[in-house]
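# A structural walkthrough
In case you want the letters, here they are:
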Amino acid sequence: MSPEHSGDVTGAALQLRGVTKRFGSFTAIEDISLTIEPGEFVTFLGPSGSGKTTTLNCIAGFEEVTAGEILLGGNSLTSLPIHKRNLGMVFQGYALFPHMTVEKNIAYPLKQRKLPRAAIARDVAFALETVGLTEFKDRMPTQLSGGQRQRVALARAICFGPPLLLMDEPLSALDKALREQLQLEIRRIHRELGTTVVFVTHDQDEALALSDRIVVFDKGRIVQIGTPRELYQNPENVFVSEFVGESVMIAGSYADGEFSTEAGRFSTAAASSSPQWSGPAQMMIRPERIGIAGAEASAPASGDGSGDAVHSVRGVIEDITYVGNAVKYRVGLPGGGGIVRSQDIGGTVGDIGAPVRLSWNPADARILAREDA
Amino acid sequence: MTTATRPAGSGAPPRARRGLGPYGILVLPVILIVVLCFVVPMLTVLVRAVTEPEPGLQNFAWLFASDHTLALIGRTLRLAGAATLITALIGYPYAYAMATAGPRVQAIMLLVVLLPFWTSMMVRTFAWIIILQNNGVLNAMLTGVGLPPQSLLYTQTAVLIGMCQVLMPFMVLPMVAVMRSIDMRIPLAAQTFGAPPVKAFFTVYLPMSLPGVLSGALIVFILSLGFYVTPALLGSPREQILPNALFNQIVDLLNWGQGGALAVALLVTVGLAFVLVYLVTRALGLKVNVAGGAQL
Amino acid sequence: MRKSRIALYAFCVPVALWLVAPTLVVIPLSFTADRSLAFPPREFSWRWYESFFSSSQWLGGLLNSLQIGLLVAIIATVLGTLAAYGLSRVSGFRKTFSNSLLVLPMLVPSVIFGVGLYALFLRMGLVGTLPGFLIAHTMLALPYVVVNVGAVLVSYDRQLERAAWISGASKPKAFLTVTVPAIMPGVASGFLFAFITSFDEVIVSMFISNPYLQTLPVRMYSSLQREVDPTIAAAASVIMTITTAAALIAIFARTRRKADT
């Protein structure tokens, strides 16, 4: 699944086995198990307090695990002190040493490794070139912009060729344009160096843009692991479907291949997954898979929405957002609602408050168990 | 739904450490040294008060039976009370001016109020002797404008002038801290509801700034109890206060028992003032930083 | 509004004069040619400075005070910085207790501490010795270091240390190469305040000094009780120059740090 690395894979495999961390009686993460392949770019995604940062801190060694084991390249990290773990890390607030120049900051990990002077100079020069800051090497961190500081932090983390690079929300302090530019750069550097990367973020767009695979955290547990596409198209639960991307949700109940709601019944025979269980459920459709039309337009196929060809339901426009190439409608539906995306081709479906009809291909709907029920 | 960007912070809960931990180990030796070199010497004073010349409470009986010692304690408390009142009365307008001034004036006023605290106590006291003595600066100025000369040196007035000078930062800084947090629109609002400015000040601003006055007053009171050099050099030997009597008993008279009892009396007075600080601040929900003066 | 502001400043200016000006009278007086401390001095002369620097008691006192002050500042800075650093990482009762204990010497009347120390030192033969002075003054100077270093540690970014550890520095090495430079302004002002505290101390020093080892303030105190001689004014000017310089450096170290952050 991971894109081709232009350089050799220098990263090591990371394995978490049943990692648990408790603070007193509070369980921050519980039974976290996952395997990351050498050279893979994996993002930990989740809301604040979901355990993603605690997991990262356990890998780095800032937190001692309560139970479980962490292996890097087959060797246990768990009992190794932080400074012997040989990891690179980029921090949220950059954490540049304020009393050292850019060059000294980058040389710091190399000096700790007692490398000869020439080797240090060579590696620093390489790292500076990689992040494009060669001419800034004599500046102090306070003389740099936010983006430049983050590049220095990145250079300091990669200059000694760590088998694993940890990144803790490294872009959250930057504005959107800079964030996107640095995302591209991080991807390029990852490709060039072939190191394994664990990237923590609460920003779903960032996770989707960067990752080979995404690990979604909620309430101290992993709720789903998958490629960005898998998570977007086949979320396994309501939490993932809401956290990753936008969607239209309709509440109802599900039994025997049929989803019933206030607005009607929908057969799920053609849906991408027709679950075996029955009970309270949500039907989820991604915004770009939904057609929106004025309410007076006739339903594409069967008027009551129970046919197999196309599902449709009536709703009301609650909000309209113009996003450039498309128009986003927030539509209220009986038993639910959500965002519908429509290409901006000039015409308009209606104003706020206007009745509309949503329709979608039954294959694009997903039935998810309702957690609150 | 958490898609909004979140500012700094990992969201990890506060940690509950068990045992000393690696950082406690850094503190422990220093704590031990302070206990050994500071707390233990003071405890030996207490021990001596009840063991010399023989075990028993006779030194405390002396303390409470003698008019001389009771007058001593009374005078010490009065002096501390007077110093507290004076610094409060002078400090309040000063603090108000400082809290409402621009950053530049504020910085200068801070420097001014702190300077006596950081210039040598001996130099300061010596300077007051030169100024207040009979042929000193003050009288040169008074006679220069045709006023009668004053004989101020070796009086309680001289002691208070010298003491309050160095106690000012302990009164002013807590006041400023509280005043800065007062929203100036509130007294203005009182005025718009028809209260005249003076009334608005007394009914609104003063009560709101009272916590600062109170914490400053309590710190000043505690510190006033321990003054030695200023009363000894600027005051009258006939109007001794506790610290000076204590010094005489021990160093000049080698009377460890009664000296120890005086030390205990002083310590207990300071301790009671502390308890008062604690109770009042807790009742008012305040945070008093007794170490404030040490910072800058 | 405007008028009341003027009234306020009319009150504050004399207060400021009372706070700052009196101390300055010692400077002109130290240059008097007279044998008395009468003010104003009638003639200029260096004679009392000559008297100060040629007297083994005065000069000896100055050198003792400088030596003790520097050593105390070093010891108190090391101990106080470690304690403040440790305290910034603990919480709850232990923190409250340790903090209170560490600032205690600032609040307990020094006479009581002096008496207790005198009793112990008499028995241990530490009266009038360098170690005796170092112990006494370090206790009194420690709170200033703890408070000043503690104040910078509040705004110290803990991530810096983590960045050093993950870069391969052991905890002690990270502390020395990253933490100490970052909290240097607080350490420096703590050092200077510790020096001033020791250099200025009279009360406890009077208990534990003897004719063989006297500090400058003690020498000044005892000569103020006996003969009054303008050499004291020269001594006062010397002390004032040294402490004011140290205090100003410390205050500027602090304000510059504030400006940085």
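Values in this document were obtained by computation on a predicted structure and should not be read as measured data.

### Remarks on the overall build of chain A
Along the backbone of chain A there are eight helices and 20 strands. Principal-axis analysis of the C-alpha atoms gives chain A an extent of 80 × 45 × 40 Å. Taking all 373 residues of chain A together, 55% fall into the buried category. By sequence separation, contacts in chain A at least 24 residues apart represent 69% of the contacts at least 6 residues apart. As displayed, chain A has an accessible area near 15,600 Å², and 49% of this comes from carbon and sulfur atoms. Between the centroid of the 36 positive side chains of chain A and the centroid of its 43 negative side chains there is a distance of 8 Å.

### Quick notes on the confidence of the model for chain A
All names here are of chain A. Residues of chain A with pLDDT of at least 70 account for 91%, and the chain-wide mean is 86. Confidence, expressed as mean pLDDT per element, reaches its minimum in chain A at strand β18 (residues 336-343) with 76 and its maximum at strand β3 (residues 41-45) with 96. Note that residues 1-7 has pLDDT below 50 and, in this model, 13 contacts with residues that lie over four places away or in other chains. pLDDT under 50 marks residues 301-307. Its contacts with residues more than four places away, or in other chains, come to nine contacts.

### Focus on the UniProt feature "domain: ABC transporter" (unreviewed entry) in chain A
Look at the UniProt record and you will see "domain: ABC transporter" (unreviewed entry) annotated at residues 14-244 of chain A. Here residues 14-244 of chain A runs as 37% helix and 26% strand, with 24 Å between its end C-alpha atoms.

### Regarding a nonpolar patch on the surface
A contiguous nonpolar patch, built from Leu71, Ile74, Ile75 and Val78 of chain C and spanning about 300 Å² of accessible area, is present on the exposed surface. Position of Val78 of chain C relative to the elements: it lies in helix α4 (residues 56-87).

### Let's talk about the sheet that holds strand β10 (residues 221-226) of chain A
All names here are of chain A. On the basis of which strands lie adjacent, the open sheet formed by six strands has the order β6-β7-β8-β3-β9-β10 and mixed pairing. Strands with a single pairing partner mark the edges of an open sheet, and in this sheet they are β6 (88-90) and β10. Between one strand axis and the next, the sheet turns through 15° on average, direction left out of account. Of the pairings in the sheet, the one linking β3 to strand β8 (residues 196-201) comprises five bridges and is parallel in character. Bridge pairing in β8 places Phe41 opposite Val197.

### Comments concerning the packing of aromatic side chains
A full pass over the atoms with the stated rule returns 33 aromatic pairs over all chains. Ring plane angle 80° and centroid distance 6.1 Å describe the contact between Tyr92 of chain B and Phe201 of chain B, whose orientation is recorded as edge-to-face. With Tyr92 of chain B in helix α3 (residues 67-99) and Phe201 of chain B in helix α9 (residues 197-224), the pair connects residues that are 109 residues apart, well separated along the chain. Seen in terms of ring centroids, Phe31 of chain C and Phe44 of chain C are 5.1 Å apart; in terms of plane orientation they differ by 15°. Their pairing is stacked. Taken together, the positions of Phe31 of chain C in the loop between α2 (26-30) and α3 (47-54) and Phe44 of chain C in the loop between α2 and α3 put the pair 13 residues apart, joining distant regions of the chain. Phe31 of chain C gets classed as buried once you look at its relative accessible area, which sits at 19%. The rings of Tyr228, Phe247 and Trp256 of chain B together with Tyr118, Phe207 and Tyr221 of chain C are connected pair by pair, giving a single aromatic cluster. Lying over the aromatic face of Phe160 of chain A, Arg113 of chain A brings its terminal NZ or CZ to 3.8 Å of the ring centre.

### Focus: the packing of α4 of chain C against helix α7 (residues 130-154) of chain C
All names here are of chain C. Running from N to C, α4 and α7 point in directions that differ by 45°, and their axes come no closer than 6 Å. Judged by the inter-axis angle, α4 sits oblique to α7. For α4 against α7, the interelement crossing comes out right-handed. Partitioning the contact of α4 with α7 into residue classes produces 18 nonpolar, seven polar and no charged.

### Section: the packing of α4 of chain C against helix α12 (residues 216-225) of chain C
Residue and element names in this part refer to chain C. Running from N to C, α4 and α12 cross one another at 145°; their axes reach a closest spacing of 7 Å. In this structure, α4 uses Gln57, Trp58, Gly61, Leu62 and Ser65 to contact α12, whose residues at the interface are Leu216, Pro217, Arg219, Met220 and Ser223. The residue inventory of the contact of α4 with α12, partitioned by class, reads five nonpolar, four polar and one charged.

### Some words on unusual backbone geometry
A cis amide bond links Glu52 of chain B with the next residue in sequence, Pro53 of chain B, at an omega value of -5°. For Pro53 of chain B, the position within the fold is in the loop between α1 (21-51) and α2 (58-65). Phi at Asp31 of chain A is positive, roughly 55°, even though this residue is not glycine. Here Asp31 of chain A is to be found in strand β2 (residues 26-36). At Asn86 of chain A, a residue that is not glycine, the phi angle is positive and equals roughly 60°. Among the structural elements, Asn86 of chain A can be located in the loop between β5 (75-76) and β6.

### Some thoughts on the side chain of Ser205 of chain C
Residue position: Ser205 of chain C is located in helix α11 (residues 203-208). With sequence-adjacent residues up to four places away left out, Ser205 of chain C is seen in contact with Phe133, His137, Thr215 and Val218 of chain C.

### Section: empty space enclosed by the protein
If a probe as big as a water molecule is rolled over the atoms, it shows which places are left empty. Applying the stated rule across the entire model yields four cavities of 30 Å³ or more. Here the largest cavity is characterised by a volume of approximately 680 Å³. Forming the walls of the largest cavity are 28 residues, and the residues nearest its centre are Phe117 and Met121 of chain B together with Met106, Ser110 and Tyr144 of chain C. Sorting the residues of the lining of the largest cavity by element identifies α4 (103-118), α5 (121-132), α7 (156-180) and α9 of chain B together with α5 (93-107), α7 and α10 (184-200) of chain C as the ones contributing at least two each.

### Focus on the environment of Glu50 of chain C
Residue and element names in this part refer to chain C. Mapped onto the secondary structure, Glu50 falls in helix α3. On the accessibility criterion, Glu50 (55% relative accessible area) is exposed. As a C-alpha pair, Glu50 and Thr231 span 181 residues in sequence and 8.7 Å in three-dimensional space.

### Some thoughts on the interface of chain B and chain C
Taken residue by residue, the interface counts 81 residues in chain B and 82 residues in chain C. Both sides together, the interface formed by chain B and chain C hides about 7,400 Å², and carbon and sulfur atoms give 82% of it. Where chain B touches chain C, the interface holds zero salt bridges. With 18 residues, α1 of chain B is the single largest residue contributor to the side of chain B that touches chain C. A class-by-class count of the residues in the side of chain B that touches chain C yields 67 nonpolar, eleven polar and three charged.

### As for the UniProt feature "domain: ABC transmembrane type-1" (unreviewed entry) in chain C
In this numbering, the UniProt entry assigns the feature "domain: ABC transmembrane type-1" (unreviewed entry) to residues 62-250 of chain C. Summarising residues 62-250 of chain C: 82% helix, 0% strand, and an end-to-end C-alpha distance of 21 Å.

### Side note on the pairing of strand β7 (residues 164-168) of chain A
Residues and elements named next belong to chain A. Taking burial as the measure, the five residues of β7 include five buried ones, the bulk of the element. Both faces of β7 are covered, namely the face carrying Leu164, Leu166 and Asp168 and the face carrying Leu165 and Met167. Alignment of β6 against β7, held across three bridges, turns out to be parallel. Opposite Met89, over in β7, you have Leu166 as the bridge partner.

### Considering the confidence of the model for chain C
Chain-level pLDDT for chain C is 88 on average; 96% of the residues reach the 70-or-more range. With a pTM of 0.81, the predicted complex shows an ipTM of 0.87.

What counts as what
Residues numbered from 1 in each chain as written. Chains lettered and ligands numbered in written order. Predicted model: local features only at pLDDT ≥ 70, side-chain atom pairs only at ≥ 80, totals over all residues. Heavy atoms only, no water. Helix = DSSP H or I, 4+ residues; strand = E, 2+ residues; numbered from the N terminus. Buried < 20%, exposed > 50% of the residue type's maximum accessible area, 1.4 Å probe, protein only. Contact = heavy atoms within 4.5 Å. Areas by Shrake-Rupley, 256 points an atom, 1.4 Å probe, with all protein chains shown as cover. Lys, Arg positive; Asp, Glu negative; His and termini not counted. Charge placed at Lys NZ, Arg CZ, Asp CG, Glu CD. pLDDT = per-residue confidence, 0-100. UniProt positions renumbered as here; feature names shortened; annotations may be inferred. Patch = residues over 30% accessible without salt bridge, like charges linked within 9 Å, V, L, I, M, F, W, Y side chains within 5 Å. Salt bridge = Lys/Arg side-chain N within 4 Å of Asp/Glu carboxyl O. Pairing = 2+ DSSP bridges. Axes fitted to C-alpha atoms, helices over the stretch in contact; angles between N-to-C directions. Phe/Tyr/Trp six-rings, centres within 6.5 Å; stacked < 30°, edge-to-face > 60°. Lys NZ or Arg CZ within 6 Å of the ring centre and 35° of its normal. Parallel < 35°, antiparallel > 145°, perpendicular 65-115°, else oblique. Left-handed = near helix turned anticlockwise from the far one by under 90°. Nonpolar A, V, L, I, M, F, W, Y, C, P; charged D, E, K, R; others polar. 1 Å grid on protein atoms, 1.4 Å probe; cavity = no way out; pocket = protein on both sides within 12 Å on 5 of 7 lines; lining within 4 Å. Points joined across faces, edges and corners; volume = space filled by probe spheres on them. Buried area = accessible area lost by both parts, 1.4 Å probe.

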